[in-house]
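Coordinate analysis (summary)
Below, each chain spelled out in residue letters.
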Amino acid sequence: MRTLAGVDVGTTHVKVGFHDENGRCPAEFRRPTPRELPALVAAVREGLAACAARTGRRPDAIGVTGMAETGVPFDAEGRPLTPFLWWTDPRGADEAAGLARDAVRLFEVTGHRATAKTPLAKWLWLRRHEPAVLDRMRWWAGAPDAVAHALTGTLRTHETLAARTLAYDLGRHAYDPDLLALAGLTPEVLPPVAGAVEPVGGAVPGLDGVTPGTPVAIAGHDHMVGCWAAGVRRPGDAGDSLGTAEAVMVPAAAPPDPRTGLALGVTADPSLDGRHVVLVGGLSSSGALLDWLLDLLTPVLDSASLRDPALPPGPGSSSTPGSGSASRSGSAAGDRYAVLPRLLEGVRLPTGIVAEPYLRGRAAPAPDPGRRLTLAGLDAAHGAGDLLAAAVEGTCLHTRWTLAELTAVAGVAAERLVVFGGQVRIPLWMLVKAAVSVPPVEVVRAGDAVCAGAALVAGQAGGSLDDVPVLPREAEPRDPALAAAYDTVYERFLAAARTAGPPGLAEATG
């Protein structure tokens, strides 16, 4: 069986994994994602070498995926002119507001609305504040593109990444020269688009653990790669990608009417194979909300009982309290999650707290950039575990709302909701997800579905995406009594989310 390497450049971590042709992962490596390109490339190289040493094998193909929007300008020699310009960077907000004056036409061309996270907004900011950078820029490279360039010496991208620049015409499958001209740029500064199974090139000599000439492919945008590997490929499927941010994805036959798309705050992205569009509703603070609360609470609650060395390094096989059992073995979700089993001990579900999970505003399905985290129903009987569980409930309730709106626009009924990503390792999260969801939930238990997906896509280099195997999924048990209880909570959530509210907790605490 061949060995396939996946590289996933995420917002929080960069991951490298060696996989077999069924997606099983005998070796993986992760590091916090560096802020500058040289350090990122060094981490990827280290990961490839470490996985090769651990398995005693060299990869037969390498697939690269990762976050969209984040990128770096190159000079004519291929050197970065700045650190990465991150999608989370607020620079470009004023420029995005200017672009929004022609929002309907912009959505009609690109399938997206103008926000500060988009590269076009960042380029306009650079043109206004640091024009010398754009004057020297020979190429713009998204984060996955830049990694593939370092591995092969060739700069390419995938359509699912190009579509996130806010300068890509979905209908023409090409960069839009008029939009680029707003920043004084031309299509020649953006990487040519290659298919997911079309190798960018062969690996350059000098990579430890990699044979020179090994094919390297840009598998695409992380959400779309995860969806494809999870089997979310056609209308009637629905995917839920969990990570720092969360994305609900529904394949559709056609993009929505621009006014409808803008009103809902959804985007229309190309599917990995380009045969469909995928409607996407994002939540920027999913895992980020849990991380924020843990960072806020753990120093206060830090004690010998919470730092018991007998605790597993992450959500383990201990039962998560609540209606129904959530016992399941799982790999570590990170050191910060080691305290979760104890913090969640004794939590009863539903918590009675209705959380609006918006740390960074709300994009879909009702755009409100000023929306912030709010907690209703909190009283003296609640503890730290209840706050954490309420945050999980809030994200799951938001997902239900988003999925209902997306399927209505797509004109399809979701037969299942396929869930993948880091939070599947947290039993309480999956317990709530299954209880809140209307369609049955199926969970991809792969250690990293996106990284595995990139590897499996690369394994079809020169072939067909249809031959990429689907990662194993399992049905998440649904507790009928808990589901009925959450139906009532959902109505309270919708009533709160659809009305203006007071400043949220995140805003009040800075």
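Residues numbered from 1 in each chain as written. Predicted model: local features only at pLDDT ≥ 70, side-chain atom pairs only at ≥ 80, totals over all residues. Heavy atoms only, no water.

Between helix α1 (residues 37-55) and helix α6 (residues 143-152), the shortest axis-to-axis distance is 10 Å and the interhelical angle comes to 65°. The hand of the α1/α6 crossing is right-handed. Only Ala146, Val147, Ala150 and Leu151 of α6 make contact with α1, whose side of the interface consists of Leu37, Leu40, Val41, Val44 and Leu48. The residue inventory of the contact of α1 with α6, partitioned by class, reads nine nonpolar, no polar and no charged. (Axes fitted to C-alpha atoms, helices over the stretch in contact; angles between N-to-C directions. Helix = DSSP H or I, 4+ residues; strand = E, 2+ residues; numbered from the N terminus. Left-handed = near helix turned anticlockwise from the far one by under 90°. Contact = heavy atoms within 4.5 Å. Nonpolar A, V, L, I, M, F, W, Y, C, P; charged D, E, K, R; others polar.)

For the rest of this paragraph, the subject is the sheet that holds strand β12 (residues 246-252). Pairing in this open sheet of seven strands is mixed, and the strands run β13-β14-β12-β11-β17-β18-β19 from one edge to the other. Only two strands of the sheet have a single neighbouring strand rather than two, namely β13 (267-270) and β19 (473-475). Each neighbouring strand pair of the sheet contributes to a mean axis angle of 30°, computed without reference to strand direction. Note that strand β18 (residues 441-444) and β19 share three bridges and pair antiparallel. Counted as the bridge partner of glutamate 442 is alanine 475 from β19. (Pairing = 2+ DSSP bridges.)

Burial analysis of helix α4 (residues 119-129) places eight of its 11 residues in the buried class, which makes it a mostly covered element. If you check which residues of α4 are buried, you get Pro119, Leu120, Ala121, Lys122, Trp123, Leu124, Trp125 and Leu126. Residues of α4 that are buried in the fold lie against α2 (93-99), α5 (131-136), β6 (139-142) and α8 (177-181). (Buried < 20%, exposed > 50% of the residue type's maximum accessible area, 1.4 Å probe, protein only.)

Further remarks concern the pattern of salt bridges. Scanning the entire structure with this criterion turns up 29 salt bridges. Put simply, lysine 433 and glutamate 246 hold a salt bridge, and the shortest N to O gap is 3.1 Å. On the criterion of sequence distance, the pair formed by lysine 433 in helix α14 (residues 427-436) and glutamate 246 in strand β12 is long-range, its members being 187 residues apart. You'll find lysine 433 and glutamate 246 in the same group, each marked buried. With a closest N to O distance of 3.2 Å, aspartate 273 and arginine 275 form a salt bridge. Salt bridges here are not isolated pairs; linked through shared partners, they connect Asp237, Glu415, Arg416, Glu442 and Arg473. (Salt bridge = Lys/Arg side-chain N within 4 Å of Asp/Glu carboxyl O.)

Judged by nonpolar contacts, the single largest core of 91 residues is most densely connected at Trp123, Leu290, Leu349, Leu388 and Phe493. When residues no more than four places from it in sequence are discounted, the contact partners of phenylalanine 493 are Val354, Ala355, Glu356, Pro357, Tyr358, Gly394, Leu397, His398 and Trp401. Listed in part, the 40 residues of the second largest apolar core include Phe18, Phe29, Leu40 and Val64. (Core = buried A, V, L, I, M, F, W, Y, C linked by side-chain atoms within 4.5 Å.)

Here the focus is the confidence of the model for the protein chain. If pLDDT is low for a region, its predicted coordinates should not be looked at in detail. For the protein chain, the mean per-residue pLDDT works out to 90, and 91% of the residues sit at or above 70. Across residues 304-334, where pLDDT falls below 50, the model places 69 contacts with residues more than four positions away in sequence or in other chains. In the predicted structure, residues 501-510 sits below a pLDDT of 50 and forms 13 contacts with residues beyond four places in sequence or in another chain. (pLDDT = per-residue confidence, 0-100.)

All right, on to the packing of aromatic side chains then. For any two aromatic rings, the description comes down to two numbers: the centre-to-centre distance and the angle of the planes. For the structure shown, the criterion picks out four aromatic pairs. Look at tryptophan 123 and tryptophan 140: their rings are 5.4 Å apart centre to centre, the planes differ by 80°, and that puts the pair in the edge-to-face class. Pair noted here: tryptophan 123 is in helix α4 and tryptophan 140 is in strand β6, with a separation of 17 residues, a long-range link. By relative accessible area, which is 0% here, tryptophan 123 ends up buried. Since its relative accessible area comes to 4%, tryptophan 140 is described here as buried. Residues tryptophan 401 and phenylalanine 493 carry aromatic rings whose centres are separated by 6.2 Å and whose planes lie at 80° to one another, so their mutual orientation is edge-to-face. You can see tryptophan 401 sitting in helix α13 (residues 384-410) and its partner phenylalanine 493 sitting in helix α16 (residues 480-497), a full 92 residues away along the chain. Here phenylalanine 493 falls in the buried class, since its relative accessible area comes to 0%. Taking NZ or CZ as reference, arginine 91 lies 4.8 Å from the ring centre of tryptophan 125, over its face. (Phe/Tyr/Trp six-rings, centres within 6.5 Å; stacked < 30°, edge-to-face > 60°. Lys NZ or Arg CZ within 6 Å of the ring centre and 35° of its normal.)

This part is about the sheet that holds strand β9 (residues 201-202). The six strands are arranged β3-β2-β1-β4-β10-β9 in an open sheet whose pairing can be described as mixed. Every other strand in the sheet has two partners, leaving β3 (27-32) and β9 as the edge strands with one partner each. The sheet contact formed by strand β4 (residues 61-66) and strand β10 (residues 215-221) spans five bridges and is parallel. Across the sheet, residue glycine 66 finds its bridge partner in β10, namely histidine 221. Relative to the sheet, α1 contacts β1 (4-9), β2 (13-19), β3 and β4, its axis offset from that of β2 by approximately 30°. Contacts between α6 and the sheet are confined to β1, β4, β9 and β10, with β4 contributing the most and set at about 155° to the helix.

Among the five residues that make up strand β17 (residues 417-421), four are buried, leaving the element largely enclosed by the rest of the structure. Bridge count for strand β11 (residues 239-242) against β17 is four bridges, and the pairing is parallel. Bridge pairing in β17 links serine 241 to phenylalanine 420. As paired strands, β17 and β18 are joined by three bridges and run parallel to one another.

Looking at the element boundaries, proline 369 is found in the loop between β15 (354-356) and β16 (374-376). Residues proline 369 and threonine 152, 217 residues apart in the sequence, show an inter-C-alpha distance of 40 Å.

We now examine unusual backbone geometry. Residue leucine 349 is joined to proline 350 through a cis peptide bond whose omega torsion reads -10°. Here proline 350 shows up in the loop between α12 (340-343) and β15. At the junction of alanine 364 and proline 365, the peptide bond is cis and its omega measures out at 0° in the coordinates. Tracing the sequence through the fold places proline 365 in the loop between β15 and β16. Positive phi, normally seen in glycine, also occurs at leucine 166, with a value near 70°. You can see leucine 166 is positioned in the loop between α7 (159-162) and β7 (168-169).

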